[in-house]
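Next come the chains, spelled out residue by residue.
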Amino acid sequence: GQPLSRAQPPAHRRMTPELMPPRWDTLLIIVLELGFVAAMLASAGLDIAARRLPNWLNLAVAAAFLPWAWAMDFTWGLTAVHLIVGAVVLALGFGLFAFGIIGGGDAKLAAAVAIWIGLSLELLRFFLLMSLAGGLLAVIALVWQGLTHRTLQRALPYGVAIAIAGLDYWVRHGQALCLMASCPS
C-alpha cells in the first residue's frame, strides 16, 4: 500500500474549489469593500440628518484603502499613484471649500473615495456622476421649496451625491460581489 501521507482522502471528502475555504486575502477584500459600502451609506445618512461628515468616517474610508490595496496585490507604485490622486482631489476640494462651494467634509469624502478609484477615466465618471447626483439634489430641494413655500435652512447634503458616485464605482469594480458569487475569472 501507499504511505499514509500520500493517501488520498475518500472522494466525498476531497476539497473542490467550491468547497475550499476562502483565502485570508479574499476575506480581507470582502470585509474592506463591505466596509466601504457601509461608509458610503453612513455618509449619506449622516449628511442628510446632520449636514456633517465626521472626520473619523472620511479617514476610515481613506485608511481602508491601504490594506485593500495590499490584499489586491497592488505594487507600491500603483498604491502611491492612488494616494497622490487622493491628495490632489483633497487640495482641489479645499480650494472649493475656501470659496464656500462645498463643505470641508465633502472635500475629504471625495478625496477618500478618489483614493480607491485612482488615476483613470473612472475618476472622471465619479466626478460626473457626483455632479449629476448633486444637481438632482438641487432640483429636489427646489421642488420641495416650491411645494412647501419654505426655504432650505441648511446646505444641500452633498455627501449623498458623493456616496452615490462612490457606490456606483464599487458596484462596477468592486471585487467583493464577484468573490462572494464566484464570478468566472
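See the structure shown above.
Everything numeric in this text was worked out from a predicted model, so none of it was measured.

Enquirer: Which parts of the structure should I look at to understand the overall build of the protein?
Expert: What the protein contains, in helices and strands, is seven helices and zero strands. Traced from its N-terminal end to its C-terminal end, the protein shows the element sequence α-α-α-α-α-α-α. Burial statistics for the protein: of 185 residues in total, 35% are counted as buried. When the accessible surface of the protein is summed, it comes to about 11600 Å², and 71% of that surface belongs to carbon and sulfur atoms.

Enquirer: What exactly am I supposed to notice about the pattern of salt bridges here?
Expert: Two side chains bearing opposite charge may form a pair once their charged atoms approach each other closely. Here the structure, examined in full by the defined rule, presents three salt bridges. Residue Glu 122 pairs with Arg 172 through a salt bridge whose shortest N-O separation is 2.5 Å. In this pair, Glu 122 is assigned in helix α5 (residues 121–148) and Arg 172 in helix α6 (residues 158–173), connecting sequence segments 50 residues apart. Of the charged contacts, one joins Arg 172 and Asp 168 as a salt bridge, the two residues approaching to 3.1 Å between their closest N and O atoms. Residue Arg 172 and its partner Asp 168 are located together in helix α6, separated by four residues, close to a single helical turn. When salt bridges that share partners are traced, they join Glu 122, Arg 125, Asp 168 and Arg 172 into one network.

Enquirer: When you look at helix α1 (residues 24–50) in this model, what are you seeing that I'm missing?
Expert: In this model α1 runs 37 Å from its N-terminal to its C-terminal C-alpha over 27 residues, within 8% of the 39 Å that 1.5 Å per residue would give. Taken from the residues just after α1, Arg 51 is the one with a positive phi, measuring 55 degrees.

Enquirer: Teacher, can you tell me more about the packing of aromatic side chains here?
Expert: A complete count under the given rule lists seven aromatic pairs for this structure. Note on Phe 65 and Phe 74: the rings are 6.0 Å apart at their centroids and 70 degrees apart in plane angle, and the pair reads as edge-to-face. On the accessibility criterion, Phe 65 (0% relative accessible area) is buried. Phe 74 sits in the partly exposed class, given a relative accessible area of 22%.

Enquirer: What should I look at first to understand unusual backbone geometry in this one?
Expert: Only a minority of non-glycine residues have a phi that is not negative, and only a minority of peptide bonds are not trans. With a phi angle near 65 degrees, Asp 73 is a residue other than glycine that sits in the positive phi range. When you line up the elements, Asp 73 lands in the loop between α2 (55–71) and α3 (76–98). Since its relative accessible area comes to 65%, Asp 73 is described here as exposed. The phi dihedral of His 149 is positive, around 55 degrees, even though this residue is not glycine. With respect to the helices and strands, the residue His 149 is situated in the loop between α5 and α6. Overall, the relative accessible area of 71% leaves His 149 in the exposed class.

Enquirer: Explain the environment of Glu 122 to me, please; I cannot follow it from the model alone.
Expert: Expressed as a C-alpha distance, the spacing of Glu 122 and Tyr 169, which sit 47 residues apart in the sequence, is 7.6 Å. Excluding residues within four positions of it along the chain, Glu 122 makes contact with Ile 117, Tyr 169, Arg 172 and His 173.

Enquirer: Is there a simple way to explain the nonpolar core in this structure?
Expert: Within soluble globular proteins, side chains that are nonpolar generally end up buried alongside one another. Judged by nonpolar contacts, the single largest core of 41 residues is most densely connected at Val 113, Trp 116 and Phe 126. The greatest single-element share of this core, amounting to nine residues, is contributed by helix α4 (residues 104–117).

Rules of the game
Residues numbered from 1 in each chain as written. Predicted model: local features only at pLDDT ≥ 70, side-chain atom pairs only at ≥ 80, totals over all residues. Heavy atoms only, no water. Helix = DSSP H or I, 4+ residues; strand = E, 2+ residues; numbered from the N terminus. Buried < 20%, exposed > 50% of the residue type's maximum accessible area, 1.4 Å probe, protein only. Areas by Shrake-Rupley, 256 points an atom, 1.4 Å probe, with all protein chains shown as cover. Salt bridge = Lys/Arg side-chain N within 4 Å of Asp/Glu carboxyl O. Expected span 1.5 Å × (residues − 1). Phe/Tyr/Trp six-rings, centres within 6.5 Å; stacked < 30°, edge-to-face > 60°. Contact = heavy atoms within 4.5 Å. Core = buried A, V, L, I, M, F, W, Y, C linked by side-chain atoms within 4.5 Å.

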